[in-house]
Amino acid sequence: MKFLGPAWLLAAAAEAAFTWQNVKIGGGGGFVPGIVFHPTTKGIAYARTDIGGLYRLNPDDDSWTAVTDVITDNENWHNYGIDALALDPQDENMVYAAVGMYTNDWDPKPGSIIRSSDKGDTWKATALPFKVGGNMPGRGMGERLAVDPANSQILYFGARSGNGLWKSTDGGVTFDKVDSFSAVGSFVPDPNDDTGYNSDEQGLAFVTFDSTSGTTDGATQRIFVGTADNTTDSVYVSEDAGSTWNPVKDQPGTYFPHKCVLQPEEKALYLTYSDGTGPYDGTLGAVFRYDLAAGTWKDITPVSGEDLNFGFGGVGVDMQKPGTIVVASLNSWWPDAQLFRSTDSGATWSPIWAWANYPDMNLYYGLTATKAPWIKTGFLDTDTKDLGWMIETLVIDPLDSDHWLYATGLTVFGGHDLTKWDSEHNITIQSLADGIEEFSVQEVASVPEGSELLAAVGDDSGFTFKDAASLQTSPQTPWMNPIWTTSSSVDYAGASVKNVVRIGNTAGTQQVAISSDGGESWDVHAGADDSMNGGTVAYSADGETVLWSTSTSGVQRSEHQSTFSSVASVPSGAVIASDKKNSTVFYAGSAANFFVSTDAGSSFSKSSLDGATAIRDIAAHPAKEGDVWVSTDAGVFHSTDHGSSFTEVSSALKNTYQIALGVGSGDTWNVYAFGTGSEGAKLYGSADNGASWSDIQGSQGFGTIDGCRLAGSGNEAGQVYVGTNGRGVLYASGTIE
């Protein structure tokens with residue numbers, strides 16, 4: 001079965017009105033399942049993320065550049081999910097990736113194999129007849145995609161969902177199913193999961209070529225493929241360039257294989273195993289060495305007995321020093337991850353830390369995060385897990401034994417003195433994720449005459465940038481005291497701009513915090529209890545009243561930090577906003593109904609918007625009382641009388657989502673909205689109160705527009721911020737035509 005999907009070429013389009021760049025939160029901020037170095041050309045490496053696309057290493061300063069933004073527009077949002085990555089050993093410019101976010105119905109489209117001949121500057125793609133799961137369970141296994149080192153035209157891809165092994169013989173332009181390979185990797189984490197997320201077959205785990213085996217008709221003879229199985233064989237081999245396949249004899253069968261790396265001078269494979277498929281699990285595991293010449297397995301697991309309470313993920317193999325390897329615990333939740341190094345092919349091991357007199361530890365490393373200081377203040381200084389978690393990838397630069405990288409659920413760590421592990425038993429580890437911005441942004445706000453940017457994010461709490469000059473400096477601290485895994489919403493008091501409120505989504509603790517210094521420091525809101533969390537928040541203009549549309553308990557209200565009480569006149573889940581100049585006025589929307597309160601949120605009156613069936617967002621003008629903008633499935637509506645009457649501003653922009661206002665030229669204000677206009681579903685801006693709309697997104701990808709967050713700058717003319725679900729906060733400035 002040959003499959004040739006629609007091939008498309010994506011390059012930078014003509015220069016848009018605005019040029020986009022990341023706000024520098026820095027440090028990564030999310031899970032990096034895989035890193036691959038080019039085997040023969042120094043300085044070339046790529047990192048794949050699960051929700052934020054692909055990045056290319058800049059070797060001069062250890063930074064990274066995003067290379068898949070151009071293929072992640074609204075229609076192709078799932079290309080942010082990278083399930084596999086491969087480089088061509090014979091061509092340093094070629095890079096391939098398997099893209100797609102989910103294999104269940106959360107992602108409506110099949111996946112693709114994308115390919116670039118210019119290191120990711122431009123891309124072509126071949127659609128596959130099945131889905132790809134860059135953010136599915138088992139995403140840290142791999143790599144599932146590989147290029148034959150003897151023949152650049154041959155690629156293999158190990159699919160999920162029972163779809164088996166696929167092969168290309170034309171450099172990734174078309175793919176055939178390998179019918180002779182019958183294993184599919186049938187493990188399912190939870191067969192009863194009706195969402196399909198944990199009930200889908202996890203598929204094949206890796207493809208590894210044995211470059212020492214010779215060739216048949218120009219193709220590498222021996223190929224290994226791993227599968228997500230732990231009750232049957234899970235490592236298969238072909239000795240005839242992929243024509244036939246058999247289980248590798250005498251293989252371990254207790255755990256799932258995660259990684260398989262060839263050391264060609266040793267003629268050996270190193271494989272890591274865990275009792276879960278990752279990336280969050282793993283309580284037992286093993287490390288094995290497979291001797292290619294003898295066809296024998298050796299258990300080289302670094303620890304045993306009560307010291308073995310984790311599985312293994314990343315394995316780095318030194319190509320310059322045969323027999324030298326580093327392996328990582330996949331997840332060791334207490335007290336910390338563990339890394340082990342061997343210089344004798346796994347016969348003996350040296351740990352990166354050891355117990356002294358309990359609870360003291362001997363650390364054989366120094367750890368810094370100078371490129372992203374918030375990692376130290378928010379995580380390293382407050383948690384025992386300094387070395388990380390979810391360590392599915394660990395690589396040693398094949399041309400530099402001192403250079404290594406490993407990734408966690410938070411950042412990419414690494415360094416340039418790895419061989420000191422042997423000579424001094426002490427190495428330097430740094431956060432080396434500069435340029436990777438994998439944050440899932442929940443909300444953004446820009447405060448006129450106040451903090452330039454407030455960014456509420458998933459997994460890493462949130463961040464404050466006090467002025468425009470700080471946007472390119474990684475913050476010293478995340479939002480702390482309290483620090484929550486995720487801050488779901490943030491708002492400011494329009495007439496008292498130093499007052500800020502934020503909401504968290506962690507059950508069981510108080511999830512409202514307030515600041516009186518623009519988001520630099522925080523205190524728990526005295527009226528919050530531990531029964532409510534999540535949702536969105538609106539702050540009255542004077543900073544005295546908090547209106548909270550919770551995820552758990554409908555719409556709630558607190559005045560002067562009193563206990564929150566229910567607001568019965570507004571439906572649960574309503575979108576909310578505060579008038580930025582009148583402290584008694586709040587707005588809300590649900591379905592086609594618009595609600596207004598003139599008693600500081602105690603009660604609301606209801607009206608409807610003609611022609612709209614879904615109110616999606618409300619933006620109050622930062623400088624004008626009673627001036628309110630409403631985004632709906634029918635388009636944008638505007639009121640200048642506190643919502644008593646509305647006008648649809650234009651028929652040129654429909655089906656809109658987030659809407660925001662920001663300082664324009666002179667004393668004007670721009671209006672920004674995500675919606676469907678003349679250039680499709682994109683970000684548009686208006687400098688004439690919505691009468692006309694211009695595409696200001698250009699070729700920049702933000703992912704799906706209904707998942708983006710939006711804020712116009714309250715201080716910088718023509719500047720606008722977009723919060724994405726996996727690419728952090730992007731911003732641009734310009735003049736709207």
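Residues numbered from 1 in each chain as written. Predicted model: local features only at pLDDT ≥ 70, side-chain atom pairs only at ≥ 80, totals over all residues. Heavy atoms only, no water.

1. Some details on the overall build of the chain
From N to C terminus, the chain includes 2 helices and 60 strands. Taken over the C-alpha atoms alone, the chain extends approximately 85 × 60 × 50 Å along its principal axes. Accessible area for the chain stands at about 25100 Å²; split by element, carbon and sulfur atoms hold 46% of it. Once the 40 positive and 89 negative side-chain charges of the chain are each reduced to a mean point, those two points are 4 Å apart. (Helix = DSSP H or I, 4+ residues; strand = E, 2+ residues; numbered from the N terminus. Areas by Shrake-Rupley, 256 points an atom, 1.4 Å probe, with all protein chains shown as cover. Lys, Arg positive; Asp, Glu negative; His and termini not counted. Charge placed at Lys NZ, Arg CZ, Asp CG, Glu CD.)

2. Brief notes about empty space enclosed by the protein
The gaps left among the atoms become clear once a water-sized probe is rolled over them. On inspection of all chains with the given rule, the structure shows 1 cavity of 30 Å³ or more. Considering only residue class, the lining of the largest cavity consists of 3 nonpolar, 2 polar and 3 charged. (1 Å grid on protein atoms, 1.4 Å probe; cavity = no way out; pocket = protein on both sides within 12 Å on 5 of 7 lines; lining within 4 Å. Points joined across faces, edges and corners; volume = space filled by probe spheres on them. Nonpolar A, V, L, I, M, F, W, Y, C, P; charged D, E, K, R; others polar.)

3. Comments concerning a nonpolar patch on the surface
Where nonpolar side chains cluster on the molecular surface, the patch consists of W334, W355 and Y358 and spans about 400 Å² of accessible area. Tracing the backbone through its elements, the reader meets W334 in the loop between β25 (325-329) and β26 (339-342). (Patch = residues over 30% accessible without salt bridge, like charges linked within 9 Å, V, L, I, M, F, W, Y side chains within 5 Å. Salt bridge = Lys/Arg side-chain N within 4 Å of Asp/Glu carboxyl O.)

4. Concerning the packing of aromatic side chains
In the structure shown here, the tally under the stated rule is 34 aromatic pairs. Ring centres of F130 and W166 lie 5.2 Å apart, and the angle between their planes is 55°; on these two criteria the pair is classed as tilted. Residue F130 is located in the loop between β11 (123-127) and β12 (145-147), and its partner W166 is located in strand β14 (residues 165-168); the two are separated by 36 residues in the primary sequence. Overall, F130 belongs to the buried group, its relative accessible area being 6%. Residue classification places W166 among the buried positions, given a relative accessible area of 2%. Relative to W297, the ring of F288 has its centre 6.2 Å away and its plane inclined at 80°; by these criteria the two rings are edge-to-face. Of the two residues, F288 and W297, neither departs from the other in class, the shared state being buried. These aromatic residues form a ring-pair network of at least three members: Y156, F181, F209, Y236 and W245. A cation over a ring is seen here: R502 above W484, with NZ or CZ 4.5 Å from the ring centre. The positively charged end of R616 is found above the aromatic ring belonging to Y657, 4.0 Å away from the centroid. (Phe/Tyr/Trp six-rings, centres within 6.5 Å; stacked < 30°, edge-to-face > 60°. Buried < 20%, exposed > 50% of the residue type's maximum accessible area, 1.4 Å probe, protein only. Lys NZ or Arg CZ within 6 Å of the ring centre and 35° of its normal.)

5. A word on the pattern of salt bridges
Taken as a whole and judged by the stated rule, the model has 20 salt bridges. The partner of R144 in a salt bridge is D83, and the shortest N-O contact between them spans 3.4 Å. Remark: D83 occurs in strand β8 (residues 82-88) and R144 occurs in the loop between β11 and β12; sequence separation between them is 61 residues. No difference in accessibility class separates R144 from D83, as the two residues are buried. For the salt bridge of K580 with D491, the shortest nitrogen-to-oxygen distance reads 2.9 Å. Taken together, the residues span a long stretch of sequence, with K580 in the loop between β46 (575-578) and β47 (586-590) and D491 in strand β38 (residues 487-492) at a distance of 89 residues. Relative accessible area serves as the criterion here: at 6%, K580 is assigned to the buried category.

6. A few points about the environment of G675
Locating G675 in the fold gives a position in strand β55 (residues 669-677). G675 gets classed as buried once you look at its relative accessible area, which sits at 0%. Leave out the neighbours within four places in its chain, and G675 touches L653, K654, N655, T656, G680, A681, K682, Y684 and I705. (Contact = heavy atoms within 4.5 Å.)

7. Here we look at helix α1 (residues 373-380)
With respect to burial, α1 is a largely interior element, 6 of its 8 residues being buried. All buried positions along α1 are accounted for by P373, W374, I375, G378, F379 and L380. Next to the buried residues of α1 lie β30 (365-368), β34 (427-431) and β37 (462-465).

8. Focus: the sheet that holds strand β6 (residues 54-58)
Taken together, 4 strands build an open sheet; the order of strands is β4-β5-β6-β7 and the sheet is antiparallel. Bordering the open sheet on either side are β4 (34-37) and β7 (63-66), each of which pairs with just one other strand. This sheet shows a mean twist of 25° between the axes of neighbouring strands, independent of strand direction. (Pairing = 2+ DSSP bridges. Axes fitted to C-alpha atoms, helices over the stretch in contact; angles between N-to-C directions.)

9. Side note on the environment of G278
For G278, the location among the structural elements is in the loop between β21 (268-274) and β22 (285-291). For G278, a relative accessible area of 6% gives the class buried. Through-space distance from the C-alpha of G278 to that of G311 is 9.2 Å; in sequence the pair is 33 residues apart. Other than its neighbours up to four places away in sequence, G278 contacts P137, G138, H258, L330 and E392.

10. Let's talk about the layout of surface pockets
Here the largest pocket defines a volume of roughly 1000 Å³. For the lining of the largest pocket, the secondary structure elements donating two or more residues are β4, β8, β12, β16 (204-216), β20 (256-263), β24 (312-317) and β31 (393-396). A per-class count over the lining of the largest pocket returns 26 nonpolar, 8 polar and 3 charged. Considered as a void within the structure, the second largest pocket measures approximately 860 Å³ in volume. Lining the second largest pocket we find 39 residues, and of these E443, I576, D617, I618 and Q658 sit closest to its centre. Secondary-structure elements contributing two or more residues to the lining of the second largest pocket are β35 (441-445), β38, β42 (536-539), β46, β50 (615-620), β54 (659-663) and β58 (709-712). By residue class, the composition of the lining of the second largest pocket is 22 nonpolar, 10 polar and 7 charged.

11. Notes on the pairing of β22
Most of β22 sits out of view: 6 of its 7 residues are buried. The pairing of β21 with β22 spans 7 bridges and is classified as antiparallel. Opposite Y273, over in β22, you have A286 as the bridge partner. Note that β22 and strand β23 (residues 296-299) share 4 bridges and pair antiparallel. Looking across to β23, one finds that F288 is bridged to D299. As consecutive antiparallel partners, β22 and β23 are separated by 4 residues, and within that stretch G295 has a phi angle of approximately 70°, a positive value.

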